[in-house]
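Working through the structure, step by step
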Amino acid sequence: AAGVIQSPRHLIKEKRETATLKCYPIPRHDTVYWYQQGPGQDPQFLISFYEKMQSDKGSIPDRFSAQQFSDYHSELNMSSLELGDSALYFCASSFTGGDLTDTQYFGPGTRLTVL
Amino acid sequence: AQSVTQPDIHITVSEGASLELRCNYSYGATPYLFWYVQSPGQGLQLLLKYFSGDTLVQGIKGFEAEFKRSQSSFNLRKPSVHWSDAAEYFCAVGAAGTASKLTFGTGTRLQVTL
């Protein structure tokens, strides 16, 4: 079965640079979520989109922005990168439908290293 | 606010032994509960979920979990552990509603000895 695709899988950036992470949800899924997992930490919710509209927002820094496009893929844009942004960034997708019991399926993650 | 507590940071069991990983949640309404497993450097794989109905839910890889509302718990069990089960296990709680976030526990690292 098709899974969530994230690209790139690994990314190395210098401080103050920008980065763009991409997420391609499972076909027919209409909702995308972004999470950040620091070393030895649990995943922390950043932001979600349903039908291309922002739906929920967590502890996402103002330096980060995200959007969901017409084909449902999503991009997380990160500017003025800091050392503390080094983490594993997960995208998850779900099909919301009408029963409110959407299950989130996670991608393999993008490992961002800021030097 | 929703929260999850996984009291055990690290557990070691022998291959073939039974396993129980503890999870306690805090949520004001009926919770949606999940267990995910993560191998080192890998993504999160869904093991099982509870939305409603039967409080004993079966998942993949021989795992099961039982929802106990009175104890606010959703413990994960497996009758016989295999060496390949060594990984990090995360319990998560979600809210009803469109595109609602998951709140994860801090995880339990399972080590399996041969």
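Attention here is on the structure that accompanies the text. All values reported here derive from a predicted model rather than from experimental measurement. All residue numbers refer to position in the chain's written sequence, counted from 1. Note on labels: chains are lettered from A, ligands numbered from 1, in written order. Thresholds applied to this predicted model are a pLDDT of at least 70 for local features of residues and 80 or more for the giving and counting of side-chain atom pairs; totals over whole chains, interfaces and linings are not thresholded and use all residues. Note that water and hydrogens are dropped before the side-chain values are worked out from all heavy atoms of the structure.

**Observations concerning the packing of aromatic side chains**
- Two rings from Phe, Tyr or Trp (for Trp, the six-membered ring) form a pair when their centres sit within 6.5 Å of each other. Planes less than 30 degrees apart are called stacked, planes more than 60 degrees apart edge-to-face, and all others tilted. In total, this model carries 16 aromatic pairs over all chains according to the counting rule given.
- Seen from their ring centres, Tyr35 of chain A and Phe45 of chain A are 5.6 Å apart, and the 65° between their planes marks the pair as edge-to-face. Placement of Tyr35 of chain A in strand β4 (residues 31-37) and of Phe45 of chain A in strand β5 (residues 44-50) is noted, with a sequence separation of 10 residues between them. Comparing Tyr35 of chain A with Phe45 of chain A shows no difference in burial state: the two are buried.
- By the ring-pair criterion, three or more aromatic residues cluster together here, those being Tyr35, Phe45, Phe90 and Phe106 of chain A together with Tyr32, Phe34, Tyr36, Phe51, Phe90 and Phe104 of chain B. A run of H or I in DSSP becomes a helix once it reaches four residues, and a run of E becomes a strand once it reaches two; helices and strands are each numbered from the N terminus. Only protein chains enter the calculation, and the probe is 1.4 Å; a residue is then buried if its accessible area is under 20% of its type maximum, exposed if over 50%, and partly exposed in between.

**Description of the pattern of salt bridges**
Residues and elements named next belong to chain A.
- What counts as a salt bridge is simple: a side-chain nitrogen of Lys or Arg found within 4 Å of a carboxyl oxygen of Asp or Glu. Enumeration according to the criterion identifies 9 salt bridges over all chains in this entry.
- Asp85 is the salt-bridge partner of Arg63, the closest N and O atoms lying 2.9 Å from each other. Of this pair, Arg63 sits in the loop between β6 (53-57) and β7 (64-68) while Asp85 is found in the loop between β8 (74-78) and β9 (87-94), placing the two residues 22 residues apart along the sequence.
- Look at Asp85 and you get buried, because its relative accessible area is 5%.

**Brief notes about the layout of surface pockets**
- Definitions used for this entry: grid spacing 1 Å over protein atoms alone; cavity, a set of points where a 1.4 Å probe fits but cannot get out; pocket, an open set with protein on both sides within 12 Å along at least 5 of 7 lines; lining residue, one with an atom within 4 Å of a point. Grid points are joined across faces, edges and corners, and a volume is the space filled by probe spheres set on the points. By volume, the largest pocket amounts to about 340 Å³.
- Lining the largest pocket we find 18 residues, and of these Gln37, Gly40 and Gln41 of chain A together with Gln38 and Arg109 of chain B sit closest to its centre.
- Polar here means any residue outside two lists: the nonpolar Ala, Val, Leu, Ile, Met, Phe, Trp, Tyr, Cys and Pro, and the charged Asp, Glu, Lys and Arg; Gly therefore counts as polar. In terms of residue class, the lining of the largest pocket is made up of 5 nonpolar, 10 polar and 3 charged.
- Lining the second largest pocket, in full, are Ala2, Gly3, Val4, Ile26, Gln104, Tyr105 and Phe106 of chain A together with Tyr36, Leu44, Gln45, Leu46 and Ile60 of chain B.
- Broken down by secondary-structure element, the contributors of at least two residues to the lining of the second largest pocket are β10 (105-106) of chain A together with β6 (44-50) of chain B.
- It is β6 of chain B that contributes the most residues to the lining of the second largest pocket, 3 residues altogether.

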